[in-house]
Amino acid sequence: MQKVGIVEVAQSAGTESPLSLMEFTYKPVKEVLDKVGMKRDEVDMYILASTDVFHSGMSCANAFDWDASGAFMKPASREEGDAITSFVYGCMPIMEGKCDTVLVVGLIKGSENAENDTLTSFVADPFYSRPVGIQETTAAAMQMRLYLQRYGITEEQCAKVVVKNLSNALFNPYAHIKKRVSVDDVLNSERICDPLKALECAPKSEGVCAMLLASEEKAKKLTDKPVWFKGWGSSMDTFYLGDRDLLDTQLKTAAASAYKMAGISNPRKEIDIAETCEPYAFQELLWCEELGFCAQGQGGKLIDSGVTQITGELPVNPSGGVLAMNPYVARGLYRVAEAVLQIKGKAGEHQLDKKVNTALAHSTYGFCGQWQGVVILGS
Amino acid sequence: MGRAVAVIGTGQTKHGRRDDLSYPDLVREAVKKAFEDAGITPKDVDGVVYGSMPSMMEGVAYNHFYFADALRTVGKPLFRTETCGSTGQSVAHTAIHWVASGMADIVLVVASEKEHEGDAQATMMTILEPFLMVTIGGAPVAFSLQSREWMGYYHIDEDKAREAASIVSVDSHDGGLNNPLAHIRVKLTKEDVSKAPIITYPVRLYDVCPVSDGACAVIFASEEKAKKICKKPAWVKGIGFRGEEYFIGDSSKAVWQSTIEASKEAYKEAGITNPLKELDVAEVYNPFSYQELMFLECLGLCPPGEAPDYVIKGTFSPGGELPCDPSGGVLCCNPIGAAGLIRVAEAALQVTGKAGEHQVEGAKLALSHAMGGAMQFNGITILGSEL
Amino acid sequence: MAEQKEKPRKVASMGMVPYEMALGPTWTRFFEGFKEKRILGTKCNKCGRVLVPARPFCPRCFEPMEEWVEVAQEGTIVTWSYVNYTYFGVTPDMIPVIGATIKLDGVDCGTGMWTQIGGFDIKDFELVTKKVKVGARVKAVWRRKRQGNFRDIDYWKIIE
C-alpha cells in the first residue's frame, strides 16, 4: 500500500458569489494547479463531489461540473453526497500504485437553491417520514431534546459551541458567517424548532474546495511539507429514526476504524486538532463524545472546560466549523482542507499556537448523522 | 500496481414494471440474490458502493439513506458514486479501486432505478442548465442527434444504417428472449423494426430502450478472498473512464473520443491489442440501436465508418465473431442507474459460464460498457476467466 | 393477523423546488450580445479555438478565455433531430420541434446550444426531410423584442 500525501489545497469563500457555478468552480481548481505548477492534463485522475438536482438544480451534476473541475478526458469519477468520500476515493488509486496524482474537488453554490429543510425533506421516504414533516432540522431538534434530557446537557452549553465557532470564524478568511455572538444572543435567537434556536443552525454557503493528492515520491517533489493520509473510517446507520438510539450513532464505529488504521489508541491525547461537521451546535458536543474526546454524556463539561477552544488542548473547529460555513456536500472536504492547513502551519490567523502532528476531519449527513465519516491526517 | 480484484457474485432483479414492490424491496431483491450467488453473508462485506440516476427520477434525494437496510450497509462504510448513465460502470470502478487499494477485501456494489415512479425524460432535461442548452427533447433527441451526426460524418447511406440498426435490434431482442430477467421479451423481424412508429427520426420504437424498474448487485473481492470463497471468479482485467466537455457541440459525437480513450485504457490494462479477435463477448450499452453502431467503431471493434458493414455480415450477431449483448442489452431492459452494472454482471456471468440460455459458449474474456451525461461519459470494465 | 385485501398500491407524489442560479459575468455578457443581435464567442489564446457559447476558460487548456470575438450568424447543420413526443412539462402544443447542432462559420465547435430549426411548416415531415439535411446552411432569425436569453434567436432558417 503506497502512502498518500496531500500537496496543496484551495478553497473559496462562503458568501454569495455572482459567478456562475462554472466560473466559481474553476477558480480554486486553477489555483491548486498553479500553486504546484502543474497543467490540467498532467494530473492522473480527478474525483469530483457534488450533488444532483435537489441541491444544485441540475441532474447528473457531473455533466455540468466536468469542465471546471479539469476532468476533460482524464480518468475520473464523481461522488454524490458528502465530499469527504471524494477525498478517500482520491487516495485509493494512489495507494494501489495506479496514479501519482489525483485532484479532488467538492463544489456547491448554496445561494442558488432552496432552504436546506425544503431540500432535505426529499431525503425522507415519501410514505411515512415526509408527510409528517421530517427533515434534517426537525430530526436534529428531536436528537437535541433527547441529548438535553438524558445527560442533563444545558442549552447554555450548546450555545457555547456557537460562541466558540463563530469567534474562531472571525479569523478565517473563507468563513461565511462573521459575527461575534454571546451565549445570550444564541439563547435569545428565535426558537425555530424547539429546542433548536436559529443561531444554533448552520447557514447555507457557497463552497468549492480543491485538493491535490500525490504518491509519497511525487508529494515530496511537489511540496516541502506534505501532509499524510493516515486513516479513515465510515459507517451508515439504519434509516427510520424510531429504529435508532439517536445518541448512539455510527460515528463510534467510523472513528474506531479510522483510529485503528491510523494506529491511534488514545484520541484525546494523540489528536492535536479536530474539524467536525456540526450543522446543529449541540452535535459538536455529541460528536466529541463519540469521537472519544470525552466520556459519554460529558460533552457539556468538555466545552465548559475550555479544552476545545482554539487555545485549548484539543481545539475543535478552529476554522469556525460548519456553523460558520456550510457548503452542503463540499463541507466534508473543507474539514479535510482545514486539517491539512493546520498541519502545514498555513492556516493563517486561525493557525493553532502549537505544533500540530495529527489532525482529525469529520463529516456527516443524513438525519441525525445517519452517515458518518472520519479521516485522520498526520505530519 | 494494486491487488487483483474479482467478481465473486452477482444478483439481478426480474426487470420490468415492478409495481408489486416498494423501491427498497426492489433493491433488496438484487442484494439478496448476489449474496446467495457468492455464498457469503452481509457480515463478510467490508463496505458498500451504491449509485443510481439523480434523485428526481423517483423523487427521493440521497436514496441510499432510505435503502440503508436493503443495501445491508448498516454499520459499514458506504460510497455513493454517480456519473449519470455511466453510473453502473462508475460504481464498479469505485469498488475495484477500493479493493485494489487494500482498504477493503470484499465490497458490495449496488445500482438501481425504478423508472416507472417518475418521469425519466423530464429528469434528463435537467441535466442541462436552464440558460444555454434549453430545449425540448430528452435522451431520444440527444442520441438521434448523435446517430445522424455519425451518419453524416461518414456519409453512411440511410438505408444501410437502417438495416444495420434493425439487425442490432432483432439480435438484442432475440437475446432478451433467452434472458428470463429481461424486461422486453418479444420476437421481432427486421421489418417490425424498420416499420415501427417514429420516435425521433430516424429512431423508431424498437430502436429505443424501454422504461424499466430493476436493480443489480455485484460483489467484488481481493485475490486472496476470491480464491478462498469462489470456485470460479471473474477477474477484473482492465477498466477505463473518460468524459468530455459539457457543451454538446464542443467535441465530435461521431468519433466519440471518450469511448475511444476509455476503451483504449481498459485494453491496455488488460493487455488486449486486437479487441475484435481477443474478446469473446461484449455487453455494449445500447439504449439506441443506431448508437450501438457508433460504439462498435469507437470501442475499436471494427474500422471507423464500417459498423453497418460488419453488423450486416453478422460479426456481432449470435454465433458471429464477437456476439454483442447476448443478454438483450439495454434495448431489452433499461433501469438506467443499474444498466451499466447489469453489463458488468452479464460479463461476469459469461466468463464464468453462468449465463444460462444466453451463454456464449466458452467465453473467457468479456467487455462491459456504459455511457452517460449529455453525450459526455464512457466507462469500460473488462472481465476474464483467468487471473 | 389481518389479511391483505388490496393488491399493492401506489401513491401520487409531487415536489416543487425553486432555484435562483447565477448566470455569471461570462454568460451575462454573452446574452447582452443577443440583445444587440450579436453572437459572441471567446477565444483561447493557447489553442486558438473560438467557442460559442462564450466560456470563462478553455475546458482543454484550462486557461482563462478573456478574448471576446463576434462570430458569424450563418453556419452549417452538424446534426438534427425531429422531436415529436411529450413528457412531463412538454404539452402537445409544444411539439414538433427540430433540434440541431450548428457549426457557425469561424467557430471551432458546434453552437453547444440545442438550437431549433424553423421558418416553415415543420408539422409536414416530408417537407422537413427535404429541407433539413446534415451540411445544410442556416441563418439566425432574431425576435423583434429581445430580452437577453436563449429565446432571442427565434429559430434558424434554412438558406436554400
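What you see is a predicted model; the values in this text were computed from it and never measured.

What counts and how
Residues numbered from 1 in each chain as written. Chains lettered and ligands numbered in written order. Predicted model: local features only at pLDDT ≥ 70, side-chain atom pairs only at ≥ 80, totals over all residues. Helix = DSSP H or I, 4+ residues; strand = E, 2+ residues; numbered from the N terminus. Rg over C-alpha atoms; globule rule 2.2 N^0.38 Å. Buried ≥ 20, exposed ≤ 12 C-beta atoms within 10 Å, placed from the backbone. Contact = placed C-beta atoms within 7 Å. Core = buried A, V, L, I, M, F, W, Y, C linked by C-beta atoms within 7 Å. Domains from an automatic or database assignment. Nonpolar A, V, L, I, M, F, W, Y, C, P; charged D, E, K, R; others polar. Pairing = 2+ DSSP bridges. Axes fitted to C-alpha atoms, helices over the stretch in contact; angles between N-to-C directions. pLDDT = per-residue confidence, 0-100. Parallel < 35°, antiparallel > 145°, perpendicular 65-115°, else oblique. Left-handed = near helix turned anticlockwise from the far one by under 90°. Expected span 1.5 Å × (residues − 1).

1. With respect to the overall build of chain C
Thinking step 1. Counting secondary structure elements, chain C contains two helices and eight strands.
Thinking step 2. Traced from its N-terminal end to its C-terminal end, chain C shows the element sequence α-β-β-β-β-β-β-α-β-β.
Thinking step 3. Whereas a compact globule of 160 residues would reach a radius of gyration of roughly 15 Å, chain C reaches 21 Å, over 25% beyond that.
Thinking step 4. Structurally, chain C occupies a C-alpha span of about 75 × 45 × 30 Å along its principal axes.
Thinking step 5. Counting over 160 residues, chain C shows a buried share of 36%.

2. Focus: the overall build of chain A
Thinking step 1. The number of helices and strands found in chain A is 15 helices and 11 strands.
Thinking step 2. Viewed in the frame of its principal axes, chain A has a C-alpha envelope of about 55 × 45 × 35 Å.
Thinking step 3. A burial count over chain A gives 68% of its 379 residues as buried.
Thinking step 4. For chain A, long-range pairs separated by at least 24 residues make up 75% of all intrachain contacts whose partners lie at least 6 apart in sequence.

3. Quick look at the nonpolar core
Thinking step 1. Formed by 334 residues in total, the largest nonpolar core has its most connected members in M211 and L333 of chain A together with V109, V110, V218 and F220 of chain B.
Thinking step 2. Broken down by element, this core gets its largest block of residues, 11 residues, from helix α13 (residues 336-351) of chain B.
Thinking step 3. Residue-level mapping places this core at the junction of two domains, with at least three residues from each of domain 1 (5-120 + 212-229) and domain 2 (132-209 + 237-384) of chain B.
Thinking step 4. Ignoring anything within four residues of it in the chain, the contact list for L333 of chain A reads A49, A83, I84, S86, F87, V104, G106, C209 and M211 of chain A.

4. What to know about the interface of chain C and chain A
Thinking step 1. Of the residues lining the interface, 18 residues belong to chain C; the matching set on chain A comes to 23 residues.
Thinking step 2. Along the lines of polarity and charge, the residues of the side of chain C that touches chain A split into 12 nonpolar, four polar and two charged.

5. Regarding the environment of F72 of chain A
Thinking step 1. Structurally, F72 of chain A is set in the loop between α3 (62-69) and β3 (76-80).
Thinking step 2. Exposure remark for F72 of chain A: the 26 C-beta atoms within 10 Å place this residue in the buried category.
Thinking step 3. Linking F72 of chain A and Y46 of chain A, residues 26 residues apart in sequence, is a C-alpha distance of 9.3 Å.
Thinking step 4. Not counting residues within four places of it along the chain, the set of residues in contact with F72 of chain A comprises W66 and D67 of chain A, E244 and E245 of chain B together with P59 and R60 of chain C.

6. So, the sheet that holds strand β11 (residues 377-384) of chain B
Residues and elements named next belong to chain B.
Thinking step 1. With respect to topology, nine strands assemble into an open sheet ordered β3-β2-β4-β7-β1-β8-β11-β10-β9, the strand pairing being mixed. The sheet is open, and its two edges are formed by β3 (78-80) and β9 (281-283), each paired on a single side. With direction set aside, neighbouring strand axes in the sheet form an average angle of 25°.
Thinking step 2. Taken together, the two bridges between strand β1 (residues 5-12) and strand β8 (residues 234-243) define a ladder with antiparallel strand orientation.

7. Quick look at the confidence of the model for chain C
Residues and elements named next belong to chain C.
Thinking step 1. Across chain C, pLDDT averages 92, with 98% of residues at or above 70.
Thinking step 2. Of all secondary-structure elements in chain C, the lowest mean pLDDT belongs to strand β6 (residues 115-118), at 89, while strand β3 (residues 67-71) reaches the highest, 97.
Thinking step 3. ipTM for the predicted complex: 0.97, alongside a pTM of 0.96.

8. A few points about the pairing of strand β10 (residues 358-365) of chain A
All names here are of chain A.
Thinking step 1. Most of β10 sits inside the fold, with eight of its eight residues counted as buried.
Thinking step 2. Sheet analysis places strand β9 (residues 273-275) next to β10, joined by three bridges and oriented parallel. Within β10, the residue paired with A274 across the bridge is L360.
Thinking step 3. In this structure, β10 lies alongside strand β11 (residues 371-378), joined through eight bridges in antiparallel fashion. The residue bridging A359 from the neighbouring strand is L377, located in β11.
Thinking step 4. The antiparallel pairing of β10 with β11 creates a hairpin that spans five residues between the two strands, and G366 there sits at a positive phi of about 95°.

9. Overview of unusual backbone geometry
Residue and element names in this part refer to chain A.
Thinking step 1. Between D194 and the following residue, P195, the backbone shows a cis peptide bond with an omega angle of 10°.
Thinking step 2. Tracing the chain through its elements places P195 in the loop between β5 (191-193) and β6 (196-197).
Thinking step 3. The residue C368 is not glycine, and still its phi comes out positive at about 55°.
Thinking step 4. Tracing the backbone through its elements, the reader meets C368 in the loop between β10 and β11.

10. Quick notes on the sheet that holds β6 of chain C
Thinking step 1. The strand order β4-β5-β6-β8-β7 (chain C) describes a closed barrel built from five strands, whose pairing is mixed. Between one strand axis and the next, the sheet turns through 50° on average, direction left out of account.
Thinking step 2. Strands β4 (74-83) and β5 (97-104) of chain C of the sheet are contacted by helix α5 (residues 139-153) of chain B, whose axis makes an angle of about 130° with β4 of chain C.

11. Quick look at the packing of helix α7 (residues 155-169) of chain A against helix α12 (residues 281-290) of chain A
Residue and element names in this part refer to chain A.
Thinking step 1. Following both chains from N to C, one finds α7 and α12 inclined at 100°, their axes separated by 7 Å at the closest point. Classed by the angle they form, the pair α7 and α12 counts as roughly perpendicular. On the side of α7, the interface is formed by Q157, C158, A159, V161 and V162, while α12 contributes A281, F282, E284 and L285.
Thinking step 2. Looking at side-chain class alone, the contact of α7 with α12 contains seven nonpolar, one polar and one charged residues.

12. A few points about the interface of chain B and chain A
Thinking step 1. Facing the 52 residues of chain B at the interface are 46 residues of chain A.
Thinking step 2. The set of elements that each furnish at least two residues to the side of chain B that touches chain A consists of α2 (63-66), β3, α3 (87-100), α4 (120-125), β8 and α9 (257-270) of chain B.
Thinking step 3. Here the element with the most residues in the side of chain B that touches chain A is α3 of chain B; it accounts for six residues.

13. A word on the environment of T358 of chain A
Residue and element names in this part refer to chain A.
Thinking step 1. Mapped onto the secondary structure, T358 falls in strand β10.
Thinking step 2. Its 20 C-beta neighbours within 10 Å are what place T358 among the buried residues.
Thinking step 3. Ignoring sequence-local partners within four residues, the contact set of T358 consists of E270, I271, D272, I376 and G378.

14. Some thoughts on the pairing of β5 of chain C
Residue and element names in this part refer to chain C.
Thinking step 1. With seven of its eight residues buried, β5 lies for the most part within the structure.
Thinking step 2. The sheet contact formed by β4 and β5 spans eight bridges and is antiparallel. Bridge assignment links I77 to a residue of β5, and that residue is I102.
Thinking step 3. Two strands pair when backbone bridges link them, and β5 and β6 are joined in this way by three bridges, in the antiparallel orientation. Within β6, the position partnered with G99 by the bridge is Q116.

15. Remarks on the environment of P326 of chain B
Residue and element names in this part refer to chain B.
Thinking step 1. Here P326 lies in the loop between α12 (307-312) and α13.
Thinking step 2. A C-alpha to C-alpha distance of 16 Å links P326 and A165, two positions 161 residues apart in sequence.
Thinking step 3. With near-sequence residues (within four places) excluded, P326 lies in contact with G175, V281, P318, A355, H358 and V360.

16. A look at the packing of helix α1 (residues 21-36) of chain A against α3 of chain A
Residues and elements named next belong to chain A.
Thinking step 1. Look at α1 against α3: their axes get within 8 Å of each other, and the N-to-C directions meet at 40°. The angle between α1 and α3 places the two elements in the oblique class. Crossing hand, α1 versus α3: right-handed. Here α1 contributes L21, M22, T25, Y26 and V29 to the contact with α3, which in turn contributes F64, D65, D67, A68 and S69.
Thinking step 2. Across the contact of α1 with α3, the residue classes tally to six nonpolar, two polar and two charged.

17. Topic: α3 of chain B
All names here are of chain B.
Thinking step 1. For α3, spanning 14 residues, the distance from its first C-alpha to its last is 20 Å, which sits close to the expected 20 Å at 1.5 Å a residue.
Thinking step 2. Most of α3 is tucked away: 14 of the 14 residues are buried.
Thinking step 3. G102 occupies a position one or two residues after α3 and carries a positive phi of about 90°.

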